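# Structural description and commentary
Each chain, written out:
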Amino acid sequence: ETGVTQSPTHLIKTRGQQVTLRCSSQSGHNTVSWYQQALGQGPQFIFQYYREEENGRGNFPPRFSGLQFPNYSSELNVNALELDDSALYLCASSLGTGGGGGAYNEQFFGPGTRLTVL
Amino acid sequence: GQSLEQPSEVTAVEGAIVQINCTYQTSGFYGLSWYQQHDGGAPTFLSYNGLDGLEETGRFSSFLSRSDSYGYLLLQELQMKDSASYFCAVNSGYSTLTFGKGTMLLVSP
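First, a word on what this report is: a plain description of the structure on this page.

The rules behind these values
- Residues numbered from 1 in each chain as written.
- Chains lettered and ligands numbered in written order.
- Predicted model: local features only at pLDDT ≥ 70, side-chain atom pairs only at ≥ 80, totals over all residues.
- Heavy atoms only, no water.
- Helix = DSSP H or I, 4+ residues; strand = E, 2+ residues; numbered from the N terminus.
- Rg over C-alpha atoms; globule rule 2.2 N^0.38 Å.
- Buried < 20%, exposed > 50% of the residue type's maximum accessible area, 1.4 Å probe, protein only.
- Contact = heavy atoms within 4.5 Å.
- Areas by Shrake-Rupley, 256 points an atom, 1.4 Å probe, with all protein chains shown as cover.
- Lys, Arg positive; Asp, Glu negative; His and termini not counted.
- Charge placed at Lys NZ, Arg CZ, Asp CG, Glu CD.
- Core = buried A, V, L, I, M, F, W, Y, C linked by side-chain atoms within 4.5 Å.
- Pairing = 2+ DSSP bridges.
- Axes fitted to C-alpha atoms, helices over the stretch in contact; angles between N-to-C directions.
- Disulfide = S-S within 2.5 Å.

Here the focus is the overall build of chain B. When you go through chain B residue by residue, the secondary structure sums to zero helices and eleven strands. Secondary structure elements of chain B, listed N to C terminal, follow the sequence β-β-β-β-β-β-β-β-β-β-β. For 109 residues, the compact-globule estimate of 2.2 N^0.38 gives 13 Å, and chain B sits close to it at 13 Å. Considered along the principal axes of its C-alpha atoms, chain B spans approximately 40 × 30 × 20 Å.

Here it is, written out as structure tokens:
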């Protein structure tokens, strides 16, 4: 059973550029969530994908977008980068049912991508 | 809105017991999770409370009181390797998590 992997590990961009971050889910998982973690803060929920459809979104602007592929891997795209986008970006995979409510499915986090915007 | 409060830092010695408290105010609540994160690493799941009461997993226990919007993580027989940040996180539906700012635990010899 392979764990969650993310690429790249580190990335430096300049303000206004666009970036794509990638995540491979743990084997058998169909749900991916993305989080942004600023230095000294807890992870903040960006959005979640279940079977290639967006299944929930946090308080992030539309320039944060994502994709999930048939193999359940995922991308996070950020356009028009701002200095405040500098953070650790984490993806987490889980085995979900797509339904709402209280069912909790343990999330397995990847090691993250450290993005620096200059 | 959502807010979670937990202490920013806790210090303890090896072998001791430490409790990290978490209070929350959220618009949707289905349960409380605890995650451990070593510096620069991936958060790793420790425990989940969907119902009131105590959950025990080895040296770690977690407690939830829905009526008090309160939970805690109890770490026993502390080891140096337990030095890390600990986050409480509310499951607000669809297994999405709202995290607190984290508590840095420093374990000294």
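Here the narrative resumes, following the displayed structure.
Helix and strand counts for chain A stand at zero helices and eleven strands. Taken over the C-alpha trace, chain A has a radius of gyration of 14 Å; the compact-globule value for 118 residues is 13 Å, and the two agree within 12%. When the backbone C-alpha atoms are referred to their principal axes, chain A occupies close to 40 × 30 × 30 Å. Residue burial in chain A is summarised as follows: out of 118 residues, 47% are buried. Contacts in chain A between residues at least 24 apart in sequence constitute 56% of all its contacts with a sequence separation of at least 6. Working note: accessible area of chain A is about 5500 Å², and carbon and sulfur atoms make up 50% of it. Here chain A carries 7 positive and 9 negative side-chain charges, and the mean point of each set is 8 Å from the other.

Ranked by size, the top nonpolar core spans 22 residues in total, and within it Leu32, Trp34, Leu75, Tyr86 and Leu105 of chain B carry the most contacts. Dropping the residues within four chain positions of it, Leu105 of chain B is found in contact with Val10, Val18, Leu75, Leu78, Asp82, Ser83, Ala84 and Tyr86 of chain B. One finds Val32, Ile46, Leu76 and Val117 of chain A within the second-largest nonpolar core, a separate group that totals 19 residues.

Let us now look at unusual backbone geometry. Of all residues except glycine, most have a negative phi; of all peptide bonds, most are trans. All names here are of chain A. With an omega dihedral of -10°, the bond running from Ser7 to Pro8 counts as a cis peptide bond. You can see Pro8 is positioned in the loop between β1 (5-7) and β2 (10-13). Phi at Glu52 is positive, roughly 75°, even though this residue is not glycine. Tracing the sequence through the fold places Glu52 in the loop between β5 (44-50) and β6 (53-57).

On to the sheet that holds strand β3 (residues 18-25) of chain B. Neighbouring strands of a sheet are bound in pairs by backbone hydrogen bonds; such pairs are parallel or else antiparallel. Residue and element names in this part refer to chain B. Overall, antiparallel pairing links the five strands, which are arranged β1-β3-β8-β7-β6 in an open sheet. On the outer flanks of this sheet lie β1 (3-5) and β6 (53-57), each paired with one strand and no other. Each neighbouring strand pair of the sheet contributes to a mean axis angle of 20°, computed without reference to strand direction. Bridge count for β6 against strand β7 (residues 60-65) is five bridges, and the pairing is antiparallel.

Right, let's talk about the sheet that holds β1 of chain A for a bit. Residue and element names in this part refer to chain A. The antiparallel open sheet is built from four strands, whose spatial order is β1-β3-β8-β7. The sheet is open, and its two edges are formed by β1 and β7 (64-68), each paired on a single side. The sheet shows a mean angle of 20° between the axes of neighbouring strands, taken without regard to direction. In this structure, strand β3 (residues 19-24) lies alongside strand β8 (residues 74-78), joined through five bridges in antiparallel fashion. In the sheet register, Val19 faces β8, and the bridge partner there is Val78.

A word on the state of the cysteines. Residues and elements named next belong to chain A. Evaluation of the coordinates by the stated rule reveals two disulfides over all chains. Residue Cys23 pairs covalently with Cys91 via a disulfide, S to S 1.9 Å. The sign of the S-S torsion, about 75°, decides the handedness of the disulfide formed by Cys23 and Cys91: right-handed. Here Cys23, found in strand β3, pairs with Cys91, found in strand β9 (residues 87-94); they are 68 residues apart in sequence, far enough to count as distant. In this pair, the class of Cys23 matches that of Cys91, namely buried.

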